[in-house]
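Chain by chain, the residues run as shown.
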Amino acid sequence: MLPKAIELKAKGIVKKIEQGLFSEDDIELLLIRLREYVDAKSIFREISHFIAHHKRDSGLTFLSLYKVYCRMRAYGEFQYHKKQLDLSRPIEKWFYDFVLFQLDEIESHVLKKKYGFSRKEAKRVFKSFFTEDNDIYRLGKVANQDLANIVNEASSFIKIQPLFSCDEIVDGFYQSLNNLGLINDQGEFKKQSDKLILSLLVLMHKREFHIGKDVFGKTEVDCPADGFGKIKNLELRGTIQVPNLVAIVVTLIETSLDCAAWCDPELLAQKETNFKGHFWTVFDQSADLTVGENGKLRRL
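Residues numbered from 1 in each chain as written. Predicted model: local features only at pLDDT ≥ 70, side-chain atom pairs only at ≥ 80, totals over all residues. Heavy atoms only, no water.

Structural notes on the overall build of the chain
Along the backbone of the chain there are 12 helices and 13 strands. Taking the principal axes of its C-alpha atoms as reference, the chain extends roughly 65 × 60 × 35 Å. Burial status across the chain gives 45% buried among its 300 residues. Residue pairs in contact within the chain that sit at least 24 positions apart in sequence constitute 56% of those at least 6 positions apart. Here the chain has roughly 16200 Å² of accessible surface; of this, 49% comes from carbon and sulfur atoms. (Helix = DSSP H or I, 4+ residues; strand = E, 2+ residues; numbered from the N terminus. Buried < 20%, exposed > 50% of the residue type's maximum accessible area, 1.4 Å probe, protein only. Contact = heavy atoms within 4.5 Å. Areas by Shrake-Rupley, 256 points an atom, 1.4 Å probe, with all protein chains shown as cover.)

As structure tokens, then:
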């Protein structure tokens, strides 16, 4: 149950949301005040922790970027640079985690049919071969065909997908607030979905993600252009730096927010393409963002 003082303040903010009179500051206050009172596995809780810390090394968003980091690092090492994997030598944590992440994406019945063990059994078998010391993993027993099959299967594909959809975020926010008894009118709340997403994009802009002391990823709001220079909808993107590869850009949150409708023209700039003297319009990712009184994204 919410403490009375927090409940009254939260109800005031929710009422502003339902009336369409809120700012990203209101959303940030709501996230901070309620994060300890919502379900620990909720999207509301994840985003509240996300915006509370500029530098992240845990949580669903970190995990989403870290999975891409591990997958693209495996690609860089063994596909792009053609290195040979030698399990008789110690492996780093990223590769150990890579195999487990990949196994999570494979249907149990597929593994059972091909190798005679389920996904859960495959993860148990893989883990049983290694001992860990300070994030370095060494074989603790002689490798066999089961281990080779597991590693080969995990290395046979790369899968990258967005973290959340807008509908999942809005529904998650509604559910968390409704569970706390803060929603007055579901219809009016849902009418503000686009502006709510816009505010959250601002709050999730320019955050860094760490492995130890090293920054391996960051988030940025963008309206990416297609191959013909046409600007697409707003989205939250993650840029991941993998050793010895160019930066990898992935979509974390897709939206249906049209750039022309939701962004001030000042956020658009002319950028020269690979052809000298040929320019097209791009979104200024480096800008510090806020939602203006006109409801549009603008530069601070």
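There is more to say, and it comes next.
Observations concerning the packing of aromatic side chains
Aromatic ring pairs are defined here through the distance separating the ring centres and the angle between the ring planes. Counted under the stated rule, the structure contains 18 aromatic pairs. Ring geometry for Phe62 versus Phe216: centroids 5.8 Å apart, planes at 85 degrees, classification edge-to-face. You can see Phe62 sitting in helix α4 (residues 60–80) and its partner Phe216 sitting in strand β7 (residues 214–222), a full 154 residues away along the chain. For Phe62, a relative accessible area of 12% translates into the label buried. With centroids separated by 6.3 Å and ring planes inclined at 15 degrees, the aromatic side chains of Tyr66 and Tyr69 adopt a geometry described as stacked. Placement of both Tyr66 and Tyr69 in helix α4 is noted, with a separation of 3 residues, approximately one turn of the helix. Members of the aromatic cluster, each reached through a chain of ring pairs, are Phe62, Tyr66, Tyr69, Phe101 and Phe216. The positively charged end of Lys141 is found above the aromatic ring belonging to Phe129, 4.6 Å away from the centroid. (Phe/Tyr/Trp six-rings, centres within 6.5 Å; stacked < 30°, edge-to-face > 60°. Lys NZ or Arg CZ within 6 Å of the ring centre and 35° of its normal.)

Concerning the pattern of salt bridges
The tally for this structure, following the rule as stated, stands at 21 salt bridges. Across the salt bridge formed by Glu188 and Lys191, the nearest N and O atoms sit 3.0 Å from each other. Of this pair, Glu188 and Lys191 are both found in helix α10 (residues 186–191), 3 residues apart, which corresponds to roughly one turn of the helix. Across the pair Arg237 and Asp222 runs a salt bridge, and its minimum N-O distance is 3.2 Å. In this pair, Arg237 is assigned in strand β8 (residues 235–240) and Asp222 in strand β7, connecting sequence segments 15 residues apart. Residue classification places Asp222 among the buried residues on the basis of a relative accessible area of 6%. One connected set of salt bridges, linked through shared partners, spans Arg73, Glu77, Lys83 and Glu92. (Salt bridge = Lys/Arg side-chain N within 4 Å of Asp/Glu carboxyl O.)

Topic: the sheet that holds strand β3 (residues 130–133)
The strand order across the open sheet formed by 3 strands is β2-β4-β3, and the pairing between neighbours is antiparallel. With one partner strand each, in any of the chains shown, β2 (91–92) and β3 form the two edges of the open sheet. The pairing of β2 with strand β4 (residues 136–139) spans 2 bridges and is antiparallel. Looking across to β4, one finds that Ile91 is bridged to Tyr137. (Pairing = 2+ DSSP bridges.)

A short note on the packing of helix α5 (residues 93–104) against helix α8 (residues 145–154)
One way to put it is that α5 packs onto α8 with a least axis distance of 9 Å and a crossing angle of 80 degrees. Regarding the angle of α5 to α8, the classification is roughly perpendicular. Counting all contacts with α5, which are made through Phe95, Phe98, Val99, Gln102 and Leu103, the residues of α8 involved are Ile150, Val151 and Ala154. Taken together, the residues of the contact of α5 with α8 sort by class into 7 nonpolar, 1 polar and no charged. (Axes fitted to C-alpha atoms, helices over the stretch in contact; angles between N-to-C directions. Parallel < 35°, antiparallel > 145°, perpendicular 65-115°, else oblique. Nonpolar A, V, L, I, M, F, W, Y, C, P; charged D, E, K, R; others polar.)

Looking at the pairing of strand β6 (residues 208–211)
As paired elements, β6 and β7 share 4 bridges and run antiparallel to each other. Bridged to Glu208 within β7 is Lys218. What sits between β6 and β7 in their antiparallel hairpin is a turn of 2 residues, with Gly212 showing a positive phi close to 65 degrees.

As for the side chain of Ser48
Within the secondary structure, Ser48 sits in helix α3 (residues 43–52). Only 2.6 Å separates the side chain of Ser48 from the backbone oxygen of Arg45, close enough to count as a polar contact. Leave out the neighbours within four places in its chain, and Ser48 touches Leu31 and Arg35. (Polar contact = N/O pair within 3.5 Å; in protein donor to acceptor, adjacent residues only side chain to side chain.)

Quick notes on unusual backbone geometry
Backbone geometry follows two general trends: most residues other than glycine have a negative phi, and most peptide bonds adopt the trans configuration. Positive phi is not limited to glycine here, since Asn134 has a value of about 55 degrees. You can see Asn134 is positioned in the loop between β3 and β4. Asn134 gets classed as exposed once you look at its relative accessible area, which sits at 68%. Backbone geometry places Asp135, a non-glycine residue, at a positive phi of 65 degrees. With respect to the secondary-structure elements, Asp135 resides in the loop between β3 and β4.

Structural notes on the pairing of β8
Counting buried positions along β8 gives 5 out of 6 residues, so the element sits mostly inside the fold. Two elements, β7 and β8, share 6 bridges in a ladder whose sense is antiparallel. Within β8, the residue paired with Gly217 across the bridge is Ile240. In this structure, β8 lies alongside strand β9 (residues 248–254), joined through 6 bridges in antiparallel fashion. What sits directly across from Arg237, in β9, is Thr251.

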